[in-house]
Structure formats: structure tokens, C-alpha cells
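Breakdown of the fold
Chain by chain, the residues:
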Amino acid sequence: AGARAMGAAERDLYRDTWVRYLGYANEVGESFRPLVPVPVVWASYGVASAYVTADAIDKGRKAAAAHAQDPAQATRVGVAVVDTFVWQSLASVAIPGVTINRLCAASLALLGALTRWPPPLRRWTTTALGLAAIPLIITPIDRTVDFLMDSSLRKLYKVPGEP
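Presented here is a report on the structure given in the accompanying data block. (Residues numbered from 1 in each chain as written. Predicted model: local features only at pLDDT ≥ 70, side-chain atom pairs only at ≥ 80, totals over all residues. Heavy atoms only, no water.)

**Observations concerning the overall build of the protein**
Along the backbone of the protein there are six helices and zero strands. Along the protein, helices (α) and strands (β) appear in the sequence α-α-α-α-α-α when read from the amino end. Computed over its C-alpha atoms, the radius of gyration of the protein comes to 19 Å, more than 25% above the 15 Å expected for a compact globule of 163 residues. Across the 163 residues in the protein, those meeting the buried criterion constitute 34%. A separation threshold of at least 6 residues defines the contact pool for the protein, and within that pool the share at least 24 residues apart is 66%. Of note, the protein has its 17 positive side-chain charges centred 7 Å away from the centre of its 13 negative side-chain charges. (Helix = DSSP H or I, 4+ residues; strand = E, 2+ residues; numbered from the N terminus. Rg over C-alpha atoms; globule rule 2.2 N^0.38 Å. Buried < 20%, exposed > 50% of the residue type's maximum accessible area, 1.4 Å probe, protein only. Contact = heavy atoms within 4.5 Å. Lys, Arg positive; Asp, Glu negative; His and termini not counted. Charge placed at Lys NZ, Arg CZ, Asp CG, Glu CD.)

Structural data, given as C-alpha cells:
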């Protein structure tokens, strides 16, 4: 509370701490798809989806507290929840999940066609490529989702910028 009173921004549990990495669980799961049973990959999507839902609920609670005296409080809370949920679902789960899935599938197929490496080495190499790609795709995907939402959904409620 002291830092907030001095003008510093409040630390966001879902964006500014290690908890943020839970949103990348499905990308890690997709990277390991060649090595683990499919239910493990599905579980990684469960972790990422729980993160997205928790962040949306958190932003709704913060909007409710910030607009307690506002007659449009319910609308502001709804916008905060929907904006966060849609943004996070696209930027943290759907788009990166498909991206890593396709990258790993293509690399596994190419390694099978172009090398004589044994299958375990091809699978581990594919997993390593998927994991290495995660930090490279985050910012472009985030910026793309910002643009898409600013160009569409956010025009409905006139709230440009990140969730």
C-alpha cells in the first residue's frame, strides 16, 4: 500500500510474477507432445486455461473495486472480464498453442524425411525446437492480438490497449 501511495503501480500477480508463466503451460505441453502421453498435453491446456480464467476474475474484481461508486460498475466489470479473458485466451492459449503444435509437427516430419536420426533423437530435437521457439513467439503474438482486439472487440466498448 505504501508503494501505491507513492505513485508506483500495483504489482499484478498474473502479469508481474512467476504466475505469468502458467499461461505458457500449453506451449510447453505442445513442445513435449512427441515425448509424453496426449493426456499430459491436455493437462497443460488445463493449467493455461485456469491461469486465463483466474486473471479474468482478478481483473473483474479490480474493476469492481475501482468503480464501486460508478453507476456503470457492472458494465465496467463485464468489460474487464471479457477483455482479459478473450485477450488471454488468444494470446496465451489458442494462437501460441497452434503455433508450437504446427512448428513441432513440421520439424518432426522434416527430421524424419531429411535425416537418418533415430526416432528418440528426432523427438527430443523437436521438443527442444518447440521450447526454444516459445520466447520468440510471445511478443509478436501479443502485439498481433492487441491489434486484432483494438480493431474489433475493443471498438464495441472503446477501451484500446492491453487488457
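**Brief notes about the side chain of S92**
Relative to the helices and strands, S92 is located in helix α4 (residues 73-114). Accessibility expressed as a relative area gives 0% for S92, which makes it buried. Within polar-contact distance, the side chain of S92 engages the side chain of R20 at 3.4 Å. Within the local environment of S92, its side chain forms a polar contact with the side chain of Q88, the two groups lying 2.6 Å apart. (Polar contact = N/O pair within 3.5 Å; in protein donor to acceptor, adjacent residues only side chain to side chain.)

**Remarks on the packing of α4 against helix α5 (residues 119-151)**
In contact at an axis separation of 8 Å, α4 and α5 are set at 145 degrees when each is read in the N-to-C sense. Judged by the twist between their axes, the crossing of α4 over α5 is right-handed. Grouping the constituent residues of the contact of α4 with α5 by class yields 18 nonpolar, six polar and five charged. (Axes fitted to C-alpha atoms, helices over the stretch in contact; angles between N-to-C directions. Left-handed = near helix turned anticlockwise from the far one by under 90°. Nonpolar A, V, L, I, M, F, W, Y, C, P; charged D, E, K, R; others polar.)

**Description of the pattern of salt bridges**
If you walk through the whole model with that rule in mind, you get ten salt bridges. Among the ionic pairs, D55 bridges to R15, the shortest N-O distance being 2.9 Å. Note that D55 is positioned in helix α3 (residues 38-66) and R15 in the loop between α1 (2-5) and α2 (25-31), a separation of 40 residues in sequence. Of the residues examined, R15 reaches a relative accessible area of 24% and is grouped as partly exposed. Residue D83 pairs with R154 through a salt bridge whose shortest N-O separation is 2.7 Å. Residue D83 is found in helix α4, and its partner R154 is found in helix α6 (residues 153-157); the two are separated by 71 residues along the sequence. With a relative accessible area of 5%, D83 lands in the buried category. Salt bridges sharing partners connect three or more residues here, namely D12, R15, D55, D58, K59 and K62. (Salt bridge = Lys/Arg side-chain N within 4 Å of Asp/Glu carboxyl O.)

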